[in-house]
Amino acid sequence: MTAADPTPAYVRGAGNTRFGRLPDSTPLTLMAQAADAALADAALARGDIDGVLCGYATTLPHLMLADRFCEYAALRPSYAHGMAAGGATGGAMAMLARELVRAGRCRHVLVVAGENRLSGQSRDQSIQTLAQVGEPEVEVPNGASVPAYYALLASRYLAETGLPRDALADFAVLMRANAARHADAHLRTPLTAADARAARVVATPLLLSDCCPISDGAVAMVISADPGDGPPVRITGAGQAHRHQHLCAIDNVMATGAHRSTASALRGAGRDIADIDYLAIYDSFTITLLMLLEEIGIAPRGRAHARLLAGDFDADGPLPLNTHGGLLAFGHSGVAGGLMHLAEAARQLAGRAGARQIAPRRRALFHADGGVLSSHVSLVLEVE
């Protein structure tokens, strides 16, 4: 690295709460717990944090949530603001934190998100929040919500690839098996293929087993100019793509922007998709996972399921996938759900995943989407 090169950005620490139903929790208490854990993991004091990026919380829609959190958590950074990009927010915050470090604006950026999405709002409030994703004049008046939009994507995907609906269930089974090894996961009870395929219908062709649970929980990470102790994990590439917001505006559901985002991240890291040996891929629904795996180039169209059946995505396979259980089983607490994918990837690369630790890996690809495959963020992590 020369004097003109940007400062490298490392994932120095990560922390999370348990996910599930956490009575009496609030977004602030959850985020504070995760932040404390991340700071302890990074071996940093509150006064060391000079940047804070805070994800939105549907149960605390504060206009200045980052400042509200900093006040609550006794943080006084020189740079702070909130962010919102749907499910891609965690990745977008980490990407911005990297840029702040690389530019020399900050040395230690706390990225934090969390909310009591399960216990802090009613079912009607949840539905109202999810309905905002739809186009207000065409989609929302027809009563659709997020599960229905992804069900439409699933119908189109299954029709074009010829895969049976039951193929989706096998991804839910894998995520549940991974979550069973994580003490903080929301859904740890084993799920058989038969049970997954017998689950009740949510929005045809998606069953309950194809949908992530709504959870309480929080995740925090420290992105730093200093690697800290242990194997250094650096963010070497980052990319985004934004081609639409609403489902009715997609001109090609098989090309939503995921490939463009991933290609940008890989190009920045000087890597190819074949160099990746760990996957952290957003999985709000089983169909999300299949479509993203194929669009980013992990498998040809219609062949991600074949790779799963071959064991390629198993914890001991060549491309371990979401070893914490993903959104489908670890849980979905808004922005924190997606950010947990990044925390798990960093822990696995650093050899700090405890009982879940897999064989050594060198490079991870993180990819998240927000909305209905609307906003895309990709990151490449490498252990030095």
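Residues numbered from 1 in each chain as written. Predicted model: local features only at pLDDT ≥ 70, side-chain atom pairs only at ≥ 80, totals over all residues. Heavy atoms only, no water.

1. Here's the deal with the overall build of the protein chain
Next up, step 1: Looking only at helices and strands, the protein chain features twelve helices and eleven strands.
Next up, step 2: Its C-alpha atoms give the protein chain a radius of gyration of 19 Å, within 12% of the compact-globule value 21 Å for 384 residues.
Next up, step 3: Counting only C-alpha atoms, the protein chain reaches 55 × 45 × 40 Å along its principal axes.
Next up, step 4: Counting all 384 residues of the protein chain, 59% fall into the buried class.
Next up, step 5: Within the protein chain, contacts between residues separated by at least 24 positions form 77% of all contacts whose residues are at least 6 apart in sequence.
Next up, step 6: Surface exposure of the protein chain reaches about 14,700 Å², of which carbon and sulfur atoms provide 51%. (Helix = DSSP H or I, 4+ residues; strand = E, 2+ residues; numbered from the N terminus. Rg over C-alpha atoms; globule rule 2.2 N^0.38 Å. Buried < 20%, exposed > 50% of the residue type's maximum accessible area, 1.4 Å probe, protein only. Contact = heavy atoms within 4.5 Å. Areas by Shrake-Rupley, 256 points an atom, 1.4 Å probe, with all protein chains shown as cover.)

2. Observations concerning the nonpolar core
Next up, step 1: Leu279, Leu293, Phe313 and Leu381 are the most contacted members of the largest nonpolar core, which totals 102 residues.
Next up, step 2: Dropping the residues within four chain positions of it, Phe313 is found in contact with Phe171, Leu174, Leu279, Leu293, Ile298, Ala304, Arg307, Leu308, Leu319, Pro320 and Leu321.
Next up, step 3: Counting residues in hydrophobic clusters, the runner-up holds 26 residues, among them Ala35, Leu39, Leu44 and Ala73. (Core = buried A, V, L, I, M, F, W, Y, C linked by side-chain atoms within 4.5 Å.)

3. A closer look at the environment of Thr256
Next up, step 1: Structurally, Thr256 can be placed in the loop between strand S8 (233-242) and helix H8 (258-269).
Next up, step 2: C-alpha of Thr256 to C-alpha of Gly91: the two residues are 165 residues apart in sequence and 17 Å apart in space.
Next up, step 3: Once residues lying within four places of it in the same chain are set aside, the contact partners of Thr256 are Arg243, His244, Glu295, Leu373 and His376.
Next up, step 4: Here His376 takes part through its side chain, which lies 3.2 Å from a polar atom of the side chain of Thr256. (Polar contact = N/O pair within 3.5 Å; in protein donor to acceptor, adjacent residues only side chain to side chain.)

4. With respect to the UniProt feature "domain: Thiolase C-terminal" (unreviewed entry) in the protein chain
Next up, step 1: Residues annotated in UniProt with the feature "domain: Thiolase C-terminal" (unreviewed entry) correspond here to residues 239-382.
Next up, step 2: A distance of 15 Å separates the end C-alpha atoms of residues 239-382, which is 33% helix and 17% strand. (UniProt positions renumbered as here; feature names shortened; annotations may be inferred.)

5. Details of the packing of aromatic side chains
For any two aromatic rings, the description comes down to two numbers: the centre-to-centre distance and the angle of the planes.
Next up, step 1: Tallying each qualifying case throughout the model produces three aromatic pairs.
Next up, step 2: Judged by centre distance (4.7 Å) and plane angle (25 degrees), the ring pair of Tyr150 and Phe285 falls under stacked. Of the two residues, Tyr150 sits in helix H5 (residues 146-161) while Phe285 sits in the loop between strand S9 (278-281) and helix H9 (286-295), which places them 135 residues apart along the sequence. Residue Tyr150 shares its accessibility class with Phe285, and that shared class is buried.
Next up, step 3: Considering the side-chain rings of Phe171 and Phe313, the 6.5 Å spacing of their centres and the 40 degrees angle between planes classify their relative orientation as tilted. (Phe/Tyr/Trp six-rings, centres within 6.5 Å; stacked < 30°, edge-to-face > 60°.)

6. A short note on the side chain of Asp50
Next up, step 1: Relative to the helices and strands, Asp50 resides in the loop between helix H1 (27-42) and strand S2 (51-55).
Next up, step 2: Looking at Asp50, its side chain comes within polar contact range of the main-chain nitrogen of Arg107, at 2.9 Å.
Next up, step 3: A polar contact is formed between the side chain of Asp50 and the backbone nitrogen of His108, at a distance of 3.0 Å.
Next up, step 4: Ignoring any residue separated from it by four or fewer positions in sequence, one finds Asp50 in contact with Pro77, Ser78, Tyr79, Cys106, Arg107, His108 and Val109.

7. Digging into the pattern of salt bridges
Next up, step 1: Per the counting criterion, the structure on display carries 16 salt bridges.
Next up, step 2: Across the salt bridge formed by Asp36 and Arg46, the nearest N and O atoms sit 2.6 Å from each other. Here Asp36, found in helix H1, pairs with Arg46, found in the loop between H1 and S2; they are ten residues apart in sequence, far enough to count as distant.
Next up, step 3: With a shortest N-O distance of 2.3 Å, Asp41 and Arg352 are connected by a salt bridge. Of this pair, Asp41 sits in helix H1 while Arg352 is found in the loop between helix H12 (335-350) and strand S10 (363-370), placing the two residues 311 residues apart along the sequence.
Next up, step 4: Where salt bridges share partners, they join Arg98, Glu99 and Arg102 into one cluster. (Salt bridge = Lys/Arg side-chain N within 4 Å of Asp/Glu carboxyl O.)

8. As for the state of the cysteines
Next up, step 1: Tallying each qualifying case throughout the model produces zero disulfides.
Next up, step 2: Residue Cys54 stays outside any disulfide, its sulfur separated by 7.7 Å from that of Cys70, the closest cysteine.
Next up, step 3: The exposure class of Cys54 is buried, given its relative accessible area of 1%. (Disulfide = S-S within 2.5 Å.)

9. Concerning helix H6 (residues 167-179)
Next up, step 1: With eleven of 13 residues buried, H6 lies mostly within the body of the structure.
Next up, step 2: Looking only at H6, the buried set comprises Ala167, Leu168, Ala169, Asp170, Phe171, Ala172, Leu174, Met175, Arg176, Asn178 and Ala179.
Next up, step 3: Its buried side turned inward, H6 meets helix H7 (193-197), strand S6 (206-207), H9, helix H10 (304-309) and helix H11 (326-329).

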